[in-house]
Amino acid sequence: GTLYVLIRDAERACNARGMGERWEIIVVDDNSPDGTSEVVRALQKSYDDEDLVLRARAGKLGLGTAYAHGLAVARGTEAIIMDADLSHDPKFIGEFLRLRREHGYDVVSGTRYAPGGGVVGWDTRRKLTSRGANYLAKVLLAPGASDLT
């Protein structure tokens, strides 16, 4: 429930800056053992929020397909993709939207590997895996982006 509250707080902050619109929150749950679907159902009921959408899937189908599934059911014209483990801080959503709109960007991406970026709560193994995967992707794909994981 914490992520839901943080996202709605970020939404209110954007609205206070004149970027007012209601955000749709789509949660794609791949039968997670942590009770994600139950939490989302309880939040929907508690907040009577029709813009909180649960898309439960039968099993682990992968992060990429979860992103594609969420985008396929989204009703808006802009999308923010975030993990629900709080490794992405919703407080930056407004800045991403502002940058996209002011500069006409197709994509705005957060990165943990640029000045001001970073990670919280990752163990050494996860950090090394991310660094290694990013290095390999840069060498093989030369995408011009600093963070591909």
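Structure: see above.
Residues numbered from 1 in each chain as written. Predicted model: local features only at pLDDT ≥ 70, side-chain atom pairs only at ≥ 80, totals over all residues. Heavy atoms only, no water.

Colleague: Would you explain helix H4 (residues 93-103) in this entry?
Modeller: Note: α-helices contain 3.6 residues per turn, so residues at a spacing of three or four share the same orientation. Every buried residue of H4 is accounted for by Ile93, Gly94 and Leu97. The arc enclosing the buried residues of H4, seen along the axis, measures out at 95 degrees, which places them on a common side. Considering only its buried residues, H4 is in contact with helix H1 (2-16). Looking at the residues trailing H4, positive phi occurs at Gly104, about 70 degrees. (Buried < 20%, exposed > 50% of the residue type's maximum accessible area, 1.4 Å probe, protein only. Helix = DSSP H or I, 4+ residues; strand = E, 2+ residues; numbered from the N terminus. Arc of directions from axis to C-beta. Contact = heavy atoms within 4.5 Å.)

Colleague: Can you walk me through unusual backbone geometry in this structure?
Modeller: Glycine aside, negative phi is the norm for most residues, and most peptide bonds take the trans geometry. The phi dihedral of Asn31 is positive, around 55 degrees, even though this residue is not glycine. For Asn31, the position within the fold is in the loop between strand E1 (25-29) and helix H2 (36-47). Positive phi is not limited to glycine here, since Asp48 has a value of about 50 degrees.

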